[in-house]
Amino acid sequence: MKSAPQALWLVGFRPFFLLACLAGMTLPMLWALVFTGHLGLPAAPVAPVQWHAHEMFFGFGWAVMGGFLLTATKNWVQVRGYHGAPLVVLAAAWVVERIGMAFGGAWPTGLFWLSNLAFLGAIVAMLLATLLRHRQQDSFRDNYFFLLILPAFLAAKLLVLDPAHFAAGATMAVGLFRVAFLVMLERTLTQFMKGVFQAEILRDPRLDGAIKFSALALVFQPWLPIWLAGGLLFACAGLLLLRFARWRPLLAMTRIDLAVMYLGYLAIAAQLLVELAGLAGVAHWTGSVSIHLFTFGAMGLVIPPMLVRISKGHTGRKVVFDAGDKLLIWIMLAALAVRVLLPQLAPGAYAAWVHLAATCWFLCFAILGGRLLPRLLSPRIDGKEH
């Protein structure tokens, strides 16, 4: 029987899902305090808004993405996967990056960039090595999308940290996470609907391919002509809605654990349309609705139930959502409404909505982290190693 410290490093989702919960608890709350002037970031190497975007995408987002892909890629190509010391080093690099983003403004330039690029550079290289080395036994033919987007995250990271290119970097980061989410949702919703309802949902390779390739092209939206970017936004959103209508949404909405995944899918389509309206100059919103519709609607709704499913299934437990798991979903649905909808209805209370939305994230990930901790620190209950 492995001890808790050993069990934590058996597979990638274990340490990184705990780090994701830590980030989800703290980073939005810190930003709310910074945004309202109650906290400063005097030693940060970048402006506050750059710090916030970077930490949510490359701190929180990549803790989730890293844990998911370190676990999924080994299953896709049927290998043991990274464990033990490599995971310890990766987790340490993630923590050092968070320290550098908060206090690295006075560090020597070389030390800051080493701290900032070590985690993402290493994990991208490790994931690419797994997919390329074992590509002949890959279960999914479309994993080349990950081969394309994983290195691009490094470019997006550098742009987010550059004041002159921050907006382009944030748009690129959203685009990259969008591609990853669409690939993941396409696979998992098919499995969930079949497993829960014995229901087949439409999988048309031409439609699926058109969605993913249009999403991939939108990674480069900041550098596209407006007419082309607008056309791609409209096409991708339209194709997503067409497929949604044929994915038996009324059946899925009868189960909250599936409904929230469908709502996250819809949030991606809605964000594309909001972005299109912004390009066309036909909509005026309070706050940055487009980016928060993605971060709260897609990431916020999809990630907590995903962490629940993976942490239960990959520790030998039955994947059943109990009352506590469902509470997480309701909290994040409230967070989406508070952060995106209520500022449009009561813009004068914008700062209060930011604080309340951050509080929702704190509650969700504090509860989730507390529930995951004993699960992830213990060996699998079915006797399997990992």
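Residues numbered from 1 in each chain as written. Predicted model: local features only at pLDDT ≥ 70, side-chain atom pairs only at ≥ 80, totals over all residues. Heavy atoms only, no water.

Thoughts on helix H5 (residues 109–133)
Note the following rule: Under the scheme used here, helices are H or I runs from DSSP no shorter than 4 residues and strands are E runs no shorter than 2 residues, and both carry numbers assigned from the N terminus. In a helix, the anticipated span is given by 1.5 Å times the number of residues less one. Across the chain, bend at a residue is computed as the angle between axes fitted to the seven residues ending at that point and the seven starting from it. Only protein chains enter the accessibility calculation, which uses a 1.4 Å probe; a residue is then buried when its area is under 20% of its type maximum, exposed when over 50%, and partly exposed in between.
Its 25 residues give H5 an end-to-end C-alpha distance of 35 Å, which sits within 8% of 36 Å, the value for a rise of 1.5 Å per residue. At Leu117, H5 is bent by approximately 40 degrees, the largest bend along its length. Among all positions of H5, only Phe112, Ser115, Asn116, Phe119, Leu120, Ile123, Val124, Met126, Leu127, Leu128, Thr130 and Leu131 are buried.

What to know about the environment of Leu30
What counts here: Contacts are assigned to residue pairs that have any heavy atoms within 4.5 Å of one another.
Structurally, Leu30 is set in helix H2 (residues 13–35). In this view, Leu30 contacts Leu39 and Trp51; residues no more than four positions away in its chain are not counted.

As for the state of the cysteines
To be explicit about the condition: Note that a disulfide, as used here, is simply two cysteine sulfur atoms within 2.5 Å.
A complete count under the given rule lists 0 disulfides for this structure. Of all cysteine sulfurs, the one in Cys21 lies closest to Cys364, which takes part in no disulfide; the gap is 7.9 Å.

Looking at the environment of Leu185
By secondary structure assignment, the location of Leu185 is in helix H7 (residues 166–197). Residues Leu185 and Pro28, spaced 157 residues apart in sequence, show a C-alpha to C-alpha distance of 25 Å. When near neighbours in sequence (up to four residues on either side) are disregarded, Leu185 contacts Thr190, Trp247, Met261, Tyr265 and Ile268.

Topic: the packing of H2 against helix H14 (residues 350–376)
Here is the rule: Working convention: axes come from line fits to C-alpha atoms, limited for helices to the stretch in contact. Angles between N-to-C directions cover 0 to 180 degrees. An angle below 35 degrees is treated as roughly parallel, one above 145 as roughly antiparallel, one from 65 to 115 as roughly perpendicular, and anything else as oblique. In this scheme the handedness of a crossing depends on how the near helix is turned from the far one: anticlockwise by less than a right angle means left-handed, clockwise means right-handed. Amino acids outside the nonpolar list (Ala, Val, Leu, Ile, Met, Phe, Trp, Tyr, Cys, Pro) and the charged list (Asp, Glu, Lys, Arg) are all regarded as polar, and Gly is one of them.
Running from N to C, H2 and H14 cross one another at 160 degrees; their axes reach a closest spacing of 8 Å. Taken together, the axes of H2 and H14 are roughly antiparallel relative to one another. For H2 against H14, the interelement crossing comes out left-handed. Looking at side-chain class alone, the contact of H2 with H14 contains 23 nonpolar, 4 polar and 2 charged residues.

Here's the deal with the packing of aromatic side chains
To keep things clear, this is the line we draw: For Phe, Tyr and Trp, rings pair up if their centres lie within 6.5 Å, where Trp contributes its six-membered ring, and each pair is then called stacked (planes under 30 degrees apart), edge-to-face (over 60) or tilted (otherwise). For a Lys NZ or an Arg CZ to count as sitting over a ring, it must be within 6 Å of the ring centre and within 35 degrees of the ring normal.
Going through the model one piece at a time under the given rule, you end up with 22 aromatic pairs. Each ring, one from Trp76 and one from Phe146, has its centre 5.5 Å from the other, and the planes form 35 degrees; the classification is tilted. With Trp76 in helix H3 (residues 48–76) and Phe146 in helix H6 (residues 144–160), this pair connects stretches of sequence that are 70 residues apart. Ring centres of Phe153 and Phe177 lie 5.0 Å apart, and the angle between their planes is 70 degrees; on these two criteria the pair is classed as edge-to-face. Pair noted here: Phe153 is in helix H6 and Phe177 is in helix H7, with a separation of 24 residues, a long-range link. Of the two residues examined, Phe153 and Phe177, each falls in the buried class. Counting every residue linked through ring pairs, the aromatic cluster contains Phe57, Trp62, Phe153 and Phe177. Sitting over the ring of Trp94, Arg98 keeps its end group 5.0 Å from the ring centre. Its guanidinium or amino end placed over the ring of Trp76, Arg187 lies 4.8 Å from that ring's centre, counting from NZ or CZ.

Some thoughts on unusual backbone geometry
The phi torsion at Gln78 lies on the positive side, around 55 degrees, for a residue other than glycine. Along the polypeptide, Gln78 turns up in the loop between H3 and helix H4 (85–103). We note that Gln198 has phi near 55 degrees; this positive angle belongs to a residue other than glycine. Structurally, the position occupied by Gln198 is in the loop between H7 and helix H8 (205–218).

None of the figures reported here should be taken as evidence of function without further support.
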